[in-house]
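A structural walkthrough
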Amino acid sequence: MLEIFQQTVQAPLSFKGIGLHSGQVSNLRILPSENDHGILFKRIDLNENNLIKATYKNVSSAKLCTTLKNTNNVKVSTVEHLLAALYVCGIDNALIEIDNEEIPIMDGSSKQFFEKIQSVGIKKLSKKRKFLKILNKIELFDGSRKISIEPNDFSFTVDFQLNYKNKIIGKQKNEINFHTDNLDEIMSSRTFCLHEDIEKIKNIGLAKGGSLENAIVVGKDKILNPEGLRNKKEFVNHKILDCIGDLYTCGYRMIASVNCSQGGHYLTNNLLRKLFE
């Protein structure tokens, strides 16, 4: 059943952790907000021009994470896991204060954001939500990668497919209905990388805060994390998590079906840009 009224968090909640790419520790607070506020980031380490709206128009980079930037070039990066948790918890309005440029990666998933938001509770507001209902199919191609969005009568579904040469990841596919399915496995699925790619990523100045505590590292024939996977489809489930976080920058809850093959942050953002043209 679709919740008709807008919602926010019942009370402030705090997080502290390292940034996956910056390697810097940041403190973050999610604060309750009023009707039609939307999701807004505030860089409290800066005194002015420090507000950044979570909108697809503000996505300045989609390389290995989603970075938002305002017109004064003030940034906040790796927003997708937090935005996914806000979406799944039903949060329409929140002010997110942060004292650094990157959202803490926590355990590499949305699990800690998701559980803490649920624990403080959700506050129903007085104004009704607006939904984005897709009427016509739109699709984008980028070589072998593709993404599409098309009409759905009542629900929001994401169908995602991975196709890796690495035999541990291989071909994985999952379809999730965000109105009827249990989403615990989606929320707890961690970011991942191939061990052979780590040096390349670090050479471009990223993944400074990466470790086996916040990412799955995949070797040629085994997973290097001692605890293994949290669920059988953790790789594709994390991609669905990323996709939801990125899609939430549209500012609405969707009634639509999204289908993606081998996509990522860049493709999802470009789909939204095409959708709103």
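Refer to the structure printed above.
Residues numbered from 1 in each chain as written. Predicted model: local features only at pLDDT ≥ 70, side-chain atom pairs only at ≥ 80, totals over all residues. Heavy atoms only, no water.

With respect to the overall build of the protein
Condition: A helix here means a DSSP run of H or I that spans at least four residues, while a strand means a run of E at least two residues long, and both kinds are numbered starting from the N terminus. Values of the radius of gyration come from C-alpha atoms, whereas the globule rule sets the reference at 2.2 Å times the count of residues to the power 0.38. We call a residue buried when its accessible area falls under 20% of the maximum for its residue type, exposed when it is over 50%, and partly exposed in between, using a 1.4 Å probe and counting protein chains only. A contact between two residues is defined here by any heavy atoms of the two lying within 4.5 Å. Computed with the Shrake-Rupley method and a 1.4 Å probe, the accessible areas treat only the protein chains shown as cover for residues. Counted as positive: Lys and Arg. Counted as negative: Asp and Glu, with His and the chain ends omitted from the count. We put the charge of a Lys on NZ, of an Arg on CZ, of an Asp on CG and of a Glu on CD.
Counting its secondary structure elements, the protein contains 6 helices and 18 strands. Whereas a compact globule of 277 residues would reach a radius of gyration of roughly 19 Å, the protein reaches 18 Å, a difference of no more than 12%. By principal-axis analysis of the C-alpha atoms, the protein measures approximately 55 × 45 × 35 Å. Taking all 277 residues of the protein together, 55% fall into the buried category. Sequence separation of at least 24 residues holds for 72% of the intrachain contacts in the protein that already meet a minimum separation of 6. Just so you have it, the protein exposes about 13,200 Å², and 48% of that area is on carbon and sulfur atoms. Between the mean site of the 38 positive side-chain charges and the mean site of the 32 negative ones, the protein shows a separation of 2 Å.

Quick word on the packing of helix 1 (residues 80-89) against helix 2 (residues 111-120)
To be explicit about the condition: Between N-to-C directions, angles cover 0 to 180 degrees, with each direction set by a line fitted to C-alpha atoms, over the stretch in contact for helices. The hand of a helix crossing depends on one turn: near helix anticlockwise from the far one by less than a right angle means left-handed, and clockwise means right-handed. Each residue gets one of three labels, nonpolar for Ala, Val, Leu, Ile, Met, Phe, Trp, Tyr, Cys and Pro, charged for Asp, Glu, Lys and Arg, and polar for the others, Gly among them.
Orientation of helix 1 relative to helix 2, taken along the N-to-C sense of each, is 40 degrees, at an axis distance of 8 Å. Read as a crossing pair, helix 1 and helix 2 show a hand that is right-handed. Contacts from His81, Leu82, Ala85, Leu86, Val88 and Cys89 of helix 1 reach helix 2 at Phe113, Phe114, Ile117 and Gln118. When grouped by side-chain class, the residues that make up the contact of helix 1 with helix 2 number 8 nonpolar, 2 polar and no charged.

With respect to the sheet that holds strand 8 (residues 75-77)
Stated formally: Any two strands between which DSSP finds at least two bridges are classified as paired.
What the 3 strands build is an open sheet, ordered 6-7-8; its pairing is antiparallel. Strands with a single pairing partner mark the edges of an open sheet, and in this sheet they are strand 6 (59-61) and strand 8. Pairs of neighbouring strands in the sheet enclose a mean axial angle of 35 degrees, with direction left out of account.

What about unusual backbone geometry?
Even without glycine at this site, asparagine 73 takes up a positive phi of about 65 degrees. Note that asparagine 73 resides in the loop between strand 7 (67-69) and strand 8. A positive phi angle is found at glutamine 262, which is not glycine, with a value near 60 degrees.

Regarding helix 5 (residues 234-247)
What counts, and what does not: Take the number of residues in a helix, subtract one, and multiply by 1.5 Å to get its expected span.
Here helix 5 spans 20 Å end to end across 14 residues, near enough to the 20 Å set by a 1.5 Å rise per residue. Most of helix 5 sits out of view: 14 of its 14 residues are buried.

Some details on the environment of glutamate 3
As for its position among the elements, glutamate 3 is in the segment before strand 1 (5-9). Judged by relative accessible area, glutamate 3 falls into the partly exposed class, the value being 27%. If we skip the residues at most four places from it in the chain, glutamate 3 touches Lys124, Arg129 and Phe131.

Re the nonpolar core
Put simply, the rule reads: By nonpolar core we mean a set of buried residues, namely Ala, Val, Leu, Ile, Met, Phe, Trp, Tyr and Cys, connected to one another through side-chain atoms within 4.5 Å.
Among the nonpolar cores identified, the biggest contains 68 residues, and Ile30, Ile39, Phe41 and Met254 are the most heavily contacted of them. The contact partners of phenylalanine 41, leaving out residues within four places of it in the chain, are Asn50, Leu51, Ile52, Ala54, Leu68, Val76, Val79, Leu82, Leu83, Ile96 and Ile103.

As for the pairing of strand 14 (residues 156-163)
The element strand 14 is largely enclosed, with a buried count of 6 among its 8 residues. Two strands pair when backbone bridges link them, and strand 14 and strand 18 (residues 253-261) are joined in this way by 6 bridges, in the parallel orientation. The residue of strand 18 that forms the bridge with phenylalanine 160 is cysteine 260. Both strand 14 and strand 15 (residues 171-177) contribute to a ladder of 7 bridges, which runs antiparallel. Pairing of threonine 157 across the sheet is with asparagine 177, part of strand 15.

Here's the deal with the pattern of salt bridges
Note on pairing: side chains with opposite charge can pair once their charged atoms come close. The following threshold applies: The salt bridge criterion pairs a side-chain nitrogen of Lys or Arg with a carboxyl oxygen of Asp or Glu, the two atoms within 4 Å.
The full count for this structure, using the stated rule, is 14 salt bridges. Notably, a salt bridge pairs arginine 253 with aspartate 92, separated by 3.2 Å at the nearest N-O pair. A residue pair is termed long-range when its members are at least 10 positions apart, and arginine 253 in strand 18 and aspartate 92 in the loop between helix 1 and strand 9 (94-98) qualify at 161 residues. Looking at arginine 253, the relative accessible area reads 8%, which means it is buried. Aspartate 92 gets classed as buried once you look at its relative accessible area, which sits at 13%. The salt bridge involving glutamate 234 is made with arginine 190; its shortest N-O contact spans 2.8 Å. Residue glutamate 234 is located in helix 5, and its partner arginine 190 is located in the loop between helix 3 (184-187) and strand 16 (192-194); the two are separated by 44 residues in the primary sequence. By the burial criterion, glutamate 234 is buried, and arginine 190 matches it. Members of the salt-bridge network, linked through shared partners, are Asp92, Arg129 and Arg253.

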